[in-house]
Amino acid sequence: MKSALHEPGQSKSRGQAFGRTAIVATVSAVLGATSLLAVPAANAAVPAFPDNVVAFPDRDFVTIEGYQDRIGQMATVEVNRPNVGVVGSAQSLVSAGDVAFEINHPGGVCWGAGTGLNVTPDIRPGDSVSIRFGGDEAGSTLVQDTYVTASSVLDGNTVTVRGHVGAGVNRAQMEQRVIDPALKDTSIGRRDVRAVAGPLTADEGYSSSLEFGVDGPDTFTATYIFDETAAAELVANAGGARAMAWQEEDADANRQGLTIAEFGELGGPGMGGCPNGPLQSGPAGPTNVSAAKVNGELKVNWAPAKAVPGTPAIDGYRVTAVAQTASGNEQVESGVRISNPQASSTTIRGLKTDEEYDVYVTSVSEVGETFPAVHAFTQTDITSPTVTGSPNGGTFSTAQQLTLSASELGSDIYYTTDGSAPVSADMSTDHAVLYTGPIPVAQTSTFTFAAIDPSGNVSDKGEVTFTITNDPVPAAPTFTTAPTAGQGTAEVSWTAPDSGGPNLTILGYSVQAYTADGTPFGAAKEVAGNVTTLVYDGLQGDTAYQFAVKATNENGAGPESAKSAPVTVQGALVSNAGPDQTVTRRIAATTVTLDGTGSTTAGATYQWEQVLTGTADPDKVTVTGGTTLKPTFSLPIYRTPMTNNPLTFRLTVTVGGTTKTDEVKVTPVADRVTISLAQWKTGDLRIGGTSSVVGGTITIRAGGPTGRIIGTAPVTAAAAPETGGVYTLRLRNAAAGTTNPGPVWIESTVGGTAGPTAVTNR
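Predicted, not measured: the structure shown is a model, and the values here were computed from it. (Residues numbered from 1 in each chain as written. Predicted model: local features only at pLDDT ≥ 70, side-chain atom pairs only at ≥ 80, totals over all residues. Heavy atoms only, no water.)

Participant: Help me understand the sheet that holds strand E28 (residues 400-406), please; the structure alone is not making it clear to me.
Facilitator: Adjacent strands of a sheet pair through backbone hydrogen bonds, lying either parallel or antiparallel. Ordered in space as E26-E28-E33, the 3 strands form an open sheet in which the pairing is antiparallel. Edge strands, defined here as strands with exactly one partner in the open sheet, are strand E26 (387-390) and strand E33 (439-441). Across the sheet, the mean angle separating the axes of adjacent strands is 25° when strand polarity is ignored. (Pairing = 2+ DSSP bridges. Helix = DSSP H or I, 4+ residues; strand = E, 2+ residues; numbered from the N terminus. Axes fitted to C-alpha atoms, helices over the stretch in contact; angles between N-to-C directions.)

Participant: Got a minute to help me understand the packing of aromatic side chains in this structure?
Facilitator: For any pair of aromatic rings, geometry is given as the distance between the ring centres together with the angle between the planes. The full count for this structure, using the stated rule, is 13 aromatic pairs. Look at Tyr 206 and Tyr 224: their rings are 6.1 Å apart centre to centre, the planes differ by 45°, and that puts the pair in the tilted class. You can see Tyr 206 sitting in strand E14 (residues 206-212) and its partner Tyr 224 sitting in strand E15 (residues 219-226), a full 18 residues away along the chain. When the centroid spacing of 6.1 Å and the interplanar angle of 85° are considered together, the rings of Phe 447 and Phe 466 count as edge-to-face. You can see Phe 447 sitting in strand E34 (residues 445-452) and its partner Phe 466 sitting in strand E35 (residues 462-468), a full 19 residues away along the chain. Among the aromatic side chains, those forming a connected cluster through ring pairs are Phe 396, Tyr 415, Phe 447 and Phe 466. We note Lys 525 situated over the ring of Tyr 536; from NZ or CZ to the ring centre the distance is 5.1 Å. Over the ring of Tyr 514 we find Lys 563; its NZ or CZ atom is 4.3 Å from the centre of that ring. (Phe/Tyr/Trp six-rings, centres within 6.5 Å; stacked < 30°, edge-to-face > 60°. Lys NZ or Arg CZ within 6 Å of the ring centre and 35° of its normal.)

Participant: Got a minute to help me understand the nonpolar core in this structure?
Facilitator: Buried together is how nonpolar side chains tend to be arranged in soluble globular proteins. Core analysis: the largest hydrophobic core is formed by 26 residues, its most contacted members being Val 159, Val 193, Tyr 224 and Phe 226. When residues of this core are traced back to their parent elements, those giving at least two are strand E10 (158-165), strand E11 (174-179), strand E12 (192-196), E14, E15, helix H2 (229-237) and strand E16 (242-249). With sequence-adjacent residues up to four places away left out, Phe 226 is seen in contact with Asn 157, Val 159, Ile 188, Val 193, Gly 205, Tyr 206, Ala 231, Ala 232 and Val 235. (Core = buried A, V, L, I, M, F, W, Y, C linked by side-chain atoms within 4.5 Å. Buried < 20%, exposed > 50% of the residue type's maximum accessible area, 1.4 Å probe, protein only. Contact = heavy atoms within 4.5 Å.)

Participant: What's the story with H2 in this structure? I'm lost.
Facilitator: Residues separated by three or four positions in an α-helix point in the same direction, a consequence of the helix having 3.6 residues per turn. Listed in full, the buried residues belonging to H2 are Ala 231, Ala 232, Val 235 and Ala 236. Down the axis of H2, the smallest arc covering the buried residues is 130°, so these residues share one side. Buried-residue contacts for H2 involve strand E9 (153-155), E10, E11, E12 and E15. (Arc of directions from axis to C-beta.)

Participant: Please explain the state of the cysteines as it appears in this structure.
Facilitator: Two cysteines joined by a covalent bond between their sulfur atoms form a disulfide. The tally for this structure, following the rule as stated, stands at 1 disulfide. Linked covalently through their sulfurs, Cys 110 and Cys 274 form a disulfide whose S-S length is 2.0 Å. The sign of the S-S torsion, about -80°, decides the handedness of the disulfide formed by Cys 110 and Cys 274: left-handed. Residue Cys 110 is found in the loop between strand E5 (99-103) and strand E6 (128-133), and its partner Cys 274 is found in the loop between strand E17 (255-262) and strand E18 (287-294); the two are separated by 164 residues along the sequence. By relative accessible area, Cys 274 is classed as buried at 10%. (Disulfide = S-S within 2.5 Å.)

Participant: What exactly am I supposed to notice about the sheet that holds strand E46 (residues 590-593) here?
Facilitator: Spatial strand order, E46-E49-E48: 3 strands in an open sheet with antiparallel pairing. Both edges of this open sheet fall to E46 and strand E48 (623-624), since each of them pairs with a single strand only. Looking at chain direction, E46 and strand E49 (residues 632-635) are connected through 4 bridges and run antiparallel. Residue pairing for E49: Val 592 is matched across the bridge by Phe 633.

Laid out in structure tokens, this is it:
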């Protein structure tokens, strides 16, 4: 649970972050960029009971429950952040017991155990925490966006807990909880109190409610009213008030994919020996560090460092040469500080020609420097570099860019455009230009190039020729809609771009598929110039793709479009529960038909079920024909404690031993009701108002939305020119009561609710 001091995206640490000076050390293991940025191929499903993945984002702590069919097997847990990648991981053996293992908690393993990603991730809402065994995905929890935002407030015997709840959180699958073992010695009789979504509900020693939007959008308010003051004070002063949310709840009320946020708890390493959080350590160091002696100087090269996901950007580097000869207890150091995070080389000058040096390179960021520093021994290099050009010349209708690259880091590449040699002996010639980045090629040109590496070795000369015709080509097309998934296919549609000129025609299009990591999938597919829709086949099922398209005219191909929205292609087995529906409530029960006809039919069996919030879900309905493709259910007339929350139905399709599931939401639409009249005097009570639907029945309650029923009234047609319906309840004499009933609430059999409205005296 995030406090005001620890909003999502901010640092949560047990210790103070500090910078480090450039300390000379021995060779350190440096993580490769690929291990930091690896993205799982696909998100696994929420675990099914008794298995579970429970995330505690404030303490950066994860509990793995169940998995007793895998006792003794090695599990890998990864924290994946959208658009970033894996920000934390650990491995552990599955133990016998309800808790298979824990990460970043006493008795468990540290983050980084077995994976080398030695950082305690700052777990945030929106991250996914997944578990796998080898290549088999075994479950994933999406960290829910909810947390307490302030300390509990005590007012008499009432305690109020306020918090944040994001739009993506299912309010029906939330709970606010406060724990204090001392509560066992009060009238409550147990160590915690709980508030679940809904109005004030009585429990042993207290009543509680959990409401949404009371303090504004995306907020929740938990209210506790205690029978005794001592219990209220204990709850108000207890630390770690929790906001709990879960992705799924099974028929036995097991909460799966659970997030438990704890107000005021601090993140970072949860026990001794665990790695620091992303903001508590120095940055990752550069890789492939080498140092070569060149004419009494040291030419140092490295591959630029990549920041650990979730940490500050790298600002630059510190490069130090330490003389191996000591004078007393001192060794001479020489070095430079570089303020370019993309730098990959430097030269240290002013060194003694008869001295040997050790070289150390650290990355620098706002949290300090790499520790330990990355160590390189100086060496003598006699290998010549090689240089390549991309593209390697050719004929093009539009301007190009030539990229030159050398096989050795730190090499200087020189080029000429007049055919002369760019390098003579080990020096550049008068006409040579030092290559610093991609070269624009706007007209027909020939480039001659060569490289000199840090040790003075010279590459062979290379040459590429570009013929630029400058003939106009089409503009980039744009996609009109998101791709539509099929079985091993995706349908993509685009808008024809400008053809390049009034006398030019688009002759064809080329459509390329890309996997989630941006890698082209197979060869592009071609269509004629009068076609702007393609069913792209040959795709792998259950895999996400994006697409790009470019147009061609008489002069050649134009630029590629921006990539389409991603789409996950259906596999050999398809479960399609149909589009989400809205169903208008009526004055009588309404039959609703679900549609799974987009699913696999050959050899398939079907099972529909309602996804319930628990065994006492007030919106539970009965599915008829649950083993067919088009089952039905009856949406009943509304009565307390029903809600107008979406009803979720899951379709499971099975062929042989393989299953696929899909879900559809059916959202009831209620009538609109008002309370426009609420008056009382001794012997006379009048309640009246409007409804958008004629024929329903209004129930009037006192004491709360589920309180005492005062009476009911039919909704009749409003008098012209008004539309809709009206209702009136009038109670006389003893039925009106001897006192004002106080605020009233109403509910309609067509689903509408209103209140509270104060009853005035007249």
